[in-house]
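Okay, here's what each chain looks like letter by letter:
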Amino acid sequence: MEEDNKPLLDSVRRGSYTDKGSTDSLDRGARRPFHVEHRNIVENDPSERVSAEASVLSSRVHYYSRLTAASDRLLSPPDHVIPCPEELYVYSPLGMAFKVTGGDGGAKNPSIVTIFAIWNTMMGTSILSIPWGIKQAGFTLGIILLISMGLLTLYCCLRVLKSPKSIPYIDTSDWEFPDVCKYYFGKFGQWSSLVFSMVSLIGAMVVYWVLMSNFLFNTGKFIYNYAHNVSMSDTEFGTNGSERVICPFPDTGDHKGNCSSGISGLYLNNNNNYYYYGNDTSDTAVFDRWWSKTNTIPFYLIILLLPLLNFRSASFFARFTFLGTISVVYLIILVTLKAIRLGFHLEFHWLESTQFYVPEFRLLFPQLTGVLTLAFFIHNCIITLMKSNKHQENNVRDLSVAYLLVGLTYLYVGVLIFAAFPSPPLSKDCIEPNFLDNFPSSDVLVFVARTCLLFQMTTVYPLLGYLVRVQMMSQVFGKHYPSFFHVFTLNIFIVGTGVCMAKYYPNIGSIIRYSGATCGLALVFVFPSLVHMISQKRRGELSWPSAIFHSLLIVLGVANVAGQFFM
């Protein structure tokens, strides 16, 4: 008897429409623009009028809406009646109509734009630590590892890019990689991918805080010394001549002295004191007390950056992302000029260690692999970046070309800095995790680089904080901005972490390698390999060579993390 009371037409399933895509969050089954007589459309041309075709489409939708009550979904307009996203207007009873933009009708980028967008996104702070990483691994082994890690991370990135398409019978056009992990691994996959994504983002923000403290310190030091005519004497830890190179921590061996607090200068004697030539050394001592790289500068940044993190939207700072490209291009020019003026200082020692040259192969090579994991890391946003590519059939080619450009950039900077470092008189072990620290604050070209990077990181830091907030708050509370208290508490934690690391452990090389290896374990090696093997097994295509190869990738990811703690 219950079946006799059922309507002849089943209710329209809203999910069948939403799965097919939407335009600016408008449900295809809920779009009911109503028609008004020919009035002006508010668009680029104020004299544009509603076309006859648009009037007919609007009349049809209006007809369907009158067949049943407004709350009844039995006779929702079918897809062929609703205008295409490119022709969709929302009509107003005031006689105006606004064109709906977005969705699938958005602008697409040619391949060259997509390639350089990926290159610009991947070019981060890791480029400053590549020379140090090559030094830790040895010159020859460092080059081999850089090329190998580039190829491995590219392959895993391709697996991430293709992962949504491996899921049958489901529209995955709007899915990201965490959605794929949720499909295969449930809540564990969703939350674990979120946690490791947070590790990469917060790790990057910590590195930014340490670098901004460094750049602000050296910029202020340059301005103060120039204004007060203060110069520092040559010591045995620096080179003479027009292109000066220094060894800030000559007595620390592996340079763990980067972590010591209170060291606020460049030229040190055995007691960590400065040699100054100036008129008023007491004023200089006061300045050094209040302008310390580890004791005061990290706290000064709180005044500037903490308010910026609490903005509801980061659209203002997104306008300055082009500064990243300018900074990287300037760094490449700077490295080229320094290499030309300093010349190459290379001797090949395959096994033995000498006073001024490191071996070609060193057991500390996992430190470089950790840095490279983060340097080549773009796996958590590659699906979004490639959606805007105009020719989707060229995604594999464009991604490969982008990785090639990134690898060549890292190789160029790392090899030139390592080869041009003057050894003798300085040891290659003096190369710092931030290679700009090997140049004095009085260097004008380096001063410009530090100033540009400082401004660029000041604009990018709120963007990273916005990404952390959106991903975490949306997962935990279901809202991007649940309240000011929630957002402020999260920002206090992020800023506090950066301040503590900048004060007690300002070694960006170690921070990058730990965070890179940790987030890379899940998002670069484990999840892409497991997803690919599971999808192959469900299709009956999993072979033993594929299973062994992808299992080996997982083992390499685990070994990469373990190597950071034992090497």
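Structural data are supplied above this passage.
What counts and how
Residues numbered from 1 in each chain as written. Predicted model: local features only at pLDDT ≥ 70, side-chain atom pairs only at ≥ 80, totals over all residues. Heavy atoms only, no water. Phe/Tyr/Trp six-rings, centres within 6.5 Å; stacked < 30°, edge-to-face > 60°. Buried < 20%, exposed > 50% of the residue type's maximum accessible area, 1.4 Å probe, protein only. Helix = DSSP H or I, 4+ residues; strand = E, 2+ residues; numbered from the N terminus. Expected span 1.5 Å × (residues − 1). Arc of directions from axis to C-beta. Disulfide = S-S within 2.5 Å. Axes fitted to C-alpha atoms, helices over the stretch in contact; angles between N-to-C directions. Parallel < 35°, antiparallel > 145°, perpendicular 65-115°, else oblique. Left-handed = near helix turned anticlockwise from the far one by under 90°. Contact = heavy atoms within 4.5 Å. Salt bridge = Lys/Arg side-chain N within 4 Å of Asp/Glu carboxyl O. 1 Å grid on protein atoms, 1.4 Å probe; cavity = no way out; pocket = protein on both sides within 12 Å on 5 of 7 lines; lining within 4 Å. Points joined across faces, edges and corners; volume = space filled by probe spheres on them. Nonpolar A, V, L, I, M, F, W, Y, C, P; charged D, E, K, R; others polar.

### Overview of the packing of aromatic side chains
Aromatic ring pairs are reported here in terms of the distance separating the ring centres and the angle at which the planes meet.
Link 1 in the chain: Enumeration over the complete set of coordinates arrives at 17 aromatic pairs.
Link 2 in the chain: Aromatic side chains Tyr184 and Phe185 sit 6.4 Å apart centroid to centroid with 45 degrees between the ring planes, which places their arrangement in the tilted category.
Link 3 in the chain: Note on Tyr184: relative accessible area 11%, which makes it buried.
Link 4 in the chain: On the basis of relative accessible area, Phe185 is assigned to the partly exposed category, the value being 23%.

### Quick word on helix 3 (residues 111-122)
Link 1 in the chain: Over its 12 residues, helix 3 extends 17 Å from the first C-alpha to the last, a length consistent with the 16 Å expected when each residue adds 1.5 Å.
Link 2 in the chain: For helix 3, the complete set of buried residues consists of Ser111, Thr114, Ile115, Ile118, Trp119 and Met122. For helix 3, the arc enclosing every buried residue in end-on projection is 135 degrees, short of the 170-degree limit, so these residues lie on one face.

### Overview of the state of the cysteines
Link 1 in the chain: Throughout the structure, instances matching the rule amount to 1 disulfide.
Link 2 in the chain: Between the sulfur atoms of Cys247 and its disulfide partner Cys430 the distance amounts to 2.0 Å. When the S-S torsion is -80 degrees, as for the bridge of Cys247 with Cys430, the disulfide is left-handed. Highlighted residues: Cys247 in the loop between strand 3 (231-232) and strand 4 (276-277) and Cys430 in the loop between helix 13 (395-420) and helix 14 (444-476), separated in sequence by 183 residues. For the residue pair Cys247 and Cys430, the accessibility class agrees, reading buried in each case.
Link 3 in the chain: A disulfide-free cysteine, Cys157 has its sulfur positioned 8.4 Å from the sulfur of Cys381, the nearest such atom.
Link 4 in the chain: For Cys157, a relative accessible area of 0% puts it in the buried group.
Link 5 in the chain: When its relative accessible area of 25% is taken as the criterion, Cys381 is described as partly exposed.

### Digging into the packing of helix 8 (residues 297-309) against helix 15 (residues 484-504)
Each pair of packed helices gets described by two things: the angle between the helix axes and the distance between those axes.
Link 1 in the chain: Contact geometry for helix 8 and helix 15: axes closest at 10 Å, N-to-C directions at 155 degrees. Judged by the inter-axis angle, helix 8 sits roughly antiparallel to helix 15. Between helix 8 and helix 15 lies a crossing of right-handed hand. Here Pro298, Phe299, Ile302, Leu306 and Leu309 of helix 8 lie close against helix 15, whose contacting residues are Val487, Phe488, Asn491, Ile492, Val495, Val499, Ala502 and Lys503.

### Considering the environment of Asn438
Link 1 in the chain: You can see Asn438 is positioned in the loop between helix 13 and helix 14.
Link 2 in the chain: A relative accessible area of 2% means that Asn438 is categorised as buried.
Link 3 in the chain: Sequence separation of Asn438 and Val245 is 193 residues, and the distance between their C-alpha atoms is 5.6 Å.
Link 4 in the chain: Look past the residues within four positions of Asn438 in its chain and what remains in contact with it is Arg244, Val245, Ile246, Pro248, Phe421, Cys430, Ile431 and Glu432.

### Let's talk about the pattern of salt bridges
Where charged atoms from two side chains of opposite charge approach closely, those side chains can pair.
Link 1 in the chain: In the structure shown here, the tally under the stated rule is 6 salt bridges.
Link 2 in the chain: As a salt-bridge pair, Lys338 and Asp443 come within 2.5 Å of each other at their nearest N and O atoms. One end of the pair, Lys338, is in helix 10 (residues 322-342); the other, Asp443, is in the loop between helix 13 and helix 14, with 105 residues separating them in the sequence.
Link 3 in the chain: Asp398 is paired through a salt bridge with Arg397; the nearest N and O atoms lie 3.0 Å apart.

### Considerations on empty space enclosed by the protein
Link 1 in the chain: Applying the stated criterion across every chain, the model contains 4 cavities of 30 Å³ or more.
Link 2 in the chain: Computed from the structure, the second largest cavity encloses a volume of approximately 90 Å³.
Link 3 in the chain: Along the walls of the second largest cavity sit 13 residues, with Leu342, Ile417, Ala420, Phe421 and Phe439 positioned nearest its centre.
Link 4 in the chain: Elements with a minimum of two residues in the lining of the second largest cavity: helix 10 and helix 13.
Link 5 in the chain: Of the residues forming the lining of the second largest cavity, the biggest block, 4 residues, is contributed by helix 10.
Link 6 in the chain: The residue inventory of the lining of the second largest cavity, partitioned by class, reads 11 nonpolar, 1 polar and 1 charged.

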